[in-house]
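# Coordinate inspection notes
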Amino acid sequence: ATTSNLLAHYGAKVAHSVVSGKLYLQTRRGTSAARTFDGEQYTKATYNTLIQHDQWNHDALGIINKNMINQHTQMRKELQNRHQDITNDVNQYTTCIANYLGVEIISRLPGTTVGPLS
């Protein structure tokens, strides 16, 4: 960085500090309300703000919890349906193979006849 950039940066920081200090002092001097500090009023305002914040957090976390439960329930239902489909496919295949093998075995015995599989 060049010297002029550093000086400009430092000058801006000093100017900001001076202006902020002047504005703060003007605000403190500006009105009688600004000159008096009411600790009870600020405490009540802080308390009310925290109560509202707590309520908002409670509601937001409740919504997140509800959404997580709904998503979990939906995923579980879809997974159970898919598992049932797989079980049905395996059972159907196993039954077909067992019938085919049974027909082949019986048809090899002398003097037996077997009808076609459906």
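The rules behind each value
Residues numbered from 1 in each chain as written. Predicted model: local features only at pLDDT ≥ 70, side-chain atom pairs only at ≥ 80, totals over all residues. Heavy atoms only, no water. Helix = DSSP H or I, 4+ residues; strand = E, 2+ residues; numbered from the N terminus. Buried < 20%, exposed > 50% of the residue type's maximum accessible area, 1.4 Å probe, protein only. Areas by Shrake-Rupley, 256 points an atom, 1.4 Å probe, with all protein chains shown as cover. Patch = residues over 30% accessible without salt bridge, like charges linked within 9 Å, V, L, I, M, F, W, Y side chains within 5 Å. Salt bridge = Lys/Arg side-chain N within 4 Å of Asp/Glu carboxyl O. pLDDT = per-residue confidence, 0-100.

### Side note on the overall build of the chain
- From N to C terminus, the chain includes 3 helices and 0 strands.
- When the helices and strands of the chain are listed from N to C terminus, the series reads α-α-α.
- Going through the 118 residues of the chain one by one, you find that 1% of them count as buried.
- Of the accessible surface of the chain, which amounts to about 10,900 Å², a share of 61% is contributed by carbon and sulfur atoms.

### Considerations on a nonpolar patch on the surface
- Where nonpolar side chains cluster on the molecular surface, the patch consists of Tyr93, Ile97, Tyr100, Leu101, Ile105, Ile106, Leu109, Val114 and Leu117 and spans about 860 Å² of accessible area.
- Along the chain, Leu109 turns up in the segment after helix 3 (39-108).

### So, the confidence of the model for the chain
- The predicted model of the chain averages 85 in pLDDT, with 87% of residues at 70 or higher.
- Across the chain, the element-wise mean pLDDT spans from 53 in helix 2 (residues 32-35) up to 92 in helix 3.

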